[in-house]
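# Structural overview for review
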Amino acid sequence: MTDRPVTDRIELSQPDDWHLHLRDGAMLAAVAPASARHFGRALVMPNLVPPVVTTRDAVAYRRRIMAALPQGTSFTPLMTLYLTEATNADDVAAAHAEGVATAIKLYPAGATTNSQSGVRDMEKVYPVLERMAAIGMPLCVHGEVTHPEVDIFDREAVFIASVLEPLRRRLPELKIVLEHVTTRDGIDYVRSADRNLAATLTVHHLFINRNAMFAGGLRPHYYCLPVAKREVHRLALRAAAVSGEGRFFLGTDSAPHADAAKEAACGCAGIFTAPNALACLARAFDEEGALDRLEAFASLNGAAWYGLAPNERKVRLVRRPAPVAYPGRIETDDGPVTVFDPMLPLHWEVER
Ligand code: DOR
Ligand code: ZN
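Here we summarise the structure given alongside this text.

Procedures and definitions
Residues numbered from 1 in each chain as written. Chains lettered and ligands numbered in written order. Predicted model: local features only at pLDDT ≥ 70, side-chain atom pairs only at ≥ 80, totals over all residues. Heavy atoms only, no water. Salt bridge = Lys/Arg side-chain N within 4 Å of Asp/Glu carboxyl O. Helix = DSSP H or I, 4+ residues; strand = E, 2+ residues; numbered from the N terminus. Buried < 20%, exposed > 50% of the residue type's maximum accessible area, 1.4 Å probe, protein only. Near = heavy atom within 4 Å. Polar contact = N/O pair within 3.5 Å; in protein donor to acceptor, adjacent residues only side chain to side chain. Areas by Shrake-Rupley, 256 points an atom, 1.4 Å probe, with all protein chains shown as cover. 1 Å grid on protein atoms, 1.4 Å probe; cavity = no way out; pocket = protein on both sides within 12 Å on 5 of 7 lines; lining within 4 Å. Sits in = over half its atoms within 2 Å of the grid points. Points joined across faces, edges and corners; volume = space filled by probe spheres on them. Nonpolar A, V, L, I, M, F, W, Y, C, P; charged D, E, K, R; others polar.

## Thoughts on the pattern of salt bridges
- By the definition in use, this model includes 22 salt bridges.
- For Arg169, the salt bridge is made with Glu165, and the minimal N-O distance between the two is 2.6 Å. Of this pair, Arg169 and Glu165 both sit in helix α5 (residues 155-170), separated by 4 residues, roughly a single helical turn.
- With its nearest N and O atoms 2.8 Å apart, the salt bridge here joins Glu231 to Arg234. Of the two residues, Glu231 and Arg234 are both situated in helix α8 (residues 231-242); the distance of 3 residues between them amounts to about one turn of the helix.
- The partly exposed category is assigned to Glu231, whose relative accessible area is 31%.
- Taken together, the shared-partner salt bridges in this structure form one network comprising Arg9, Glu11, Arg316 and Glu351.

Below you can see the structure in the form of structure tokens.
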């Protein structure tokens, strides 16, 4: 006996990943196929060393990504530029007009991996933000303050009150995505906006709360930024993801680091979800009785927000009676990279 009809197969427009770290060099070569296998497009984050700052940088990086993709893939990387206090508004406008950059990424300096070139003083970037508002170019925001006196679990909420809200009041025409939102406060804030504000949600934040990092010992593969929060926040994120509301969409923040860099005295932030992101999402939406809204979250809402048509290609997800195996780690020339373990069996897989 079941409470609701069992769906064993769903078809959706191919999903897009609106927040992805593809890295460079050997890591790029190893991880790009995992995203290309399942996603139609991805918004690629610019936090390389050195960062992707100019139109030239983005063109060159896009070329390296294309070279790393398997033959015959239709995966399209959409590029971002890394906002610095020296970013030039004309260059940003040219990158937008030429279709080289889809969005600009704001990292508060020191907020996360390779954010040292980010913004310390918001006043310095207002000329660029004003131009973006004028031309309709979106700003993707890592929404955490970095003041050491602010507790790490409060950084998102403090950012919203002290940086995001003033920014939106000053530039209401600027389209902003609050990336990888992790709190109920963030969800409520995004819902409260009348327009020009959306949020991406990761896969891992739908599965883990902060306990995962400390379950029986220190677990570096559950450490990311923004850090996972209390259970009440995870539940709010789930509710937003499955709501079907157009302002919430998928950005995996899949962020590979070699295991040696994570399993260290000062381990890197980032969770690598690209290989099993869709299988995890299907499980989450299935659990919430919302498989019929998975397409909105993963394939439709983000495209609409960025002014793009959904992918024409369809993908089918199938539920298998036995758990579906996925690689626990992938090998790279920089060493192995552990794949996100949702701590639950995954029964869904993308049908080939
Ligand atoms: O966990 C994270 N990893 N959060 C970020 O904001 C950056 C990312 C990375 O690049 O490793
Ligand atoms: Zn990220």
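Now that the structure is up, let's keep going.
## Some points on the site of ligand 1
- In the neighbourhood of ligand 1, 14 residues make up the surrounding shell, with Arg23, Asn47, Thr112, Leu225 and His257 lying closest.
- Between ligand 1 and Arg23 there is a distance of 2.8 Å, counted from an oxygen atom to a side-chain nitrogen or oxygen.
- Residue Thr113 places a side-chain N or O atom 3.1 Å away from an oxygen atom belonging to ligand 1.
- Within the complex, the protein chains bury 100% of what would otherwise be the 290 Å² of accessible surface of ligand 1.
- Here ligand 1 is seated within the largest cavity.

## Thoughts on empty space enclosed by the protein
- One pass over the full model with this rule turns up 3 cavities of 30 Å³ or more.
- Around the largest cavity, the lining comprises 17 residues; the ones closest to its centre are His21, Thr112, Thr113, Leu225 and Asp253.
- Its residues assigned to classes, the lining of the largest cavity shows 5 nonpolar, 9 polar and 3 charged.
- In this structure, the second largest cavity encloses a volume near 60 Å³.
- Partitioned by chemical class, the residues of the lining of the second largest cavity number 6 nonpolar, 4 polar and 1 charged.

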